[in-house]
Amino acid sequence: MAQHCPECGFANADGANYCQRCGAFMAVPDGAGGVDSTATYRISEAGEFEELPVEQVASRGAVLVIRAGGGRAGEAFPLERPRLTVGRRPDSDVFLDDVTVSRDHAVVVKRGEHYYLDDCGSLNGTYVNRRRIDSQRLNDGDELQIGKYKLAFLGH
């Protein structure tokens, strides 16, 4: 049985947590007890996609995972350094190729034990859990939106 997205109405596979079309969060029906089913991948030295269990990636520390946008759902960006740049600039740590993303859109910064998402004065804004932010402390499971891309923050 299909589960319809509350945002765009798309018929998703039963038990989906996020819409396959628009990336919106799909509320789990009462008593259904949903499980996060995000798949992640990396590109091997041969240029092939290698699927990795999200638990394996997140067990090494905090990570950003693209949930939707640009045909890149599942791509993971481990937060291995204290600063990660996000933008349309090709040399950004997280390169998001979309005209609504500024060249230097946002930055993820570790301050103490926590990660923060800071907007870098972008024209179209940076969103955490559907709220426009200037700077926001990130919590495990937060949904980030930058342009057409929706990302999840998985952290400790």
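For the structure, check the block above.
These lines cover the structure that appears in this document, whether it is placed above or below. (Residues numbered from 1 in each chain as written. Predicted model: local features only at pLDDT ≥ 70, side-chain atom pairs only at ≥ 80, totals over all residues. Heavy atoms only, no water.)

## Looking at the overall build of the chain
Item 1. Counting its regular elements, the chain contains one helix and 15 strands.
Item 2. Every one of the 156 residues in the chain was classed for burial, and the buried ones make up 44%.
Item 3. Of the roughly 8,900 Å² of accessible surface on the chain, 49% is carried by carbon and sulfur atoms. (Helix = DSSP H or I, 4+ residues; strand = E, 2+ residues; numbered from the N terminus. Buried < 20%, exposed > 50% of the residue type's maximum accessible area, 1.4 Å probe, protein only. Areas by Shrake-Rupley, 256 points an atom, 1.4 Å probe, with all protein chains shown as cover.)

## Let's talk about the packing of aromatic side chains
Item 1. The tally for this structure, following the rule as stated, stands at one aromatic pair.
Item 2. When the centroid spacing of 5.9 Å and the interplanar angle of 55° are considered together, the rings of tyrosine 115 and phenylalanine 153 count as tilted. Residue tyrosine 115 is found in strand β10 (residues 114-119), and its partner phenylalanine 153 is found in strand β15 (residues 149-154); the two are separated by 38 residues along the sequence. In terms of burial, tyrosine 115 and phenylalanine 153 fall into one category: buried.
Item 3. One cation-aromatic arrangement involves arginine 111 over tyrosine 116; the distance from NZ or CZ to the ring centre is 4.9 Å. (Phe/Tyr/Trp six-rings, centres within 6.5 Å; stacked < 30°, edge-to-face > 60°. Lys NZ or Arg CZ within 6 Å of the ring centre and 35° of its normal.)

## Notes on the pattern of salt bridges
Any two side chains of opposite charge can pair, on the condition that their charged atoms come close.
Item 1. Tallied over the full model, the rule gives four salt bridges.
Item 2. Residue arginine 72 is joined to glutamate 75 by a salt bridge in which the shortest nitrogen-to-oxygen separation is 2.7 Å.
Item 3. According to the relative accessible area criterion, arginine 72 is buried, its value standing at 16%.
Item 4. One salt bridge in this structure joins aspartate 104 and arginine 89, with 2.8 Å as the shortest N-O distance. Taken together, the residues aspartate 104 in the loop between β8 (94-95) and β9 (106-111) and arginine 89 in the loop between β7 (83-87) and β8 connect sequence positions 15 residues apart.
Item 5. Judged by relative accessible area, which is 43%, aspartate 104 ranks as partly exposed.
Item 6. Relative accessible area serves as the criterion here: at 28%, arginine 89 is assigned to the partly exposed category. (Salt bridge = Lys/Arg side-chain N within 4 Å of Asp/Glu carboxyl O.)

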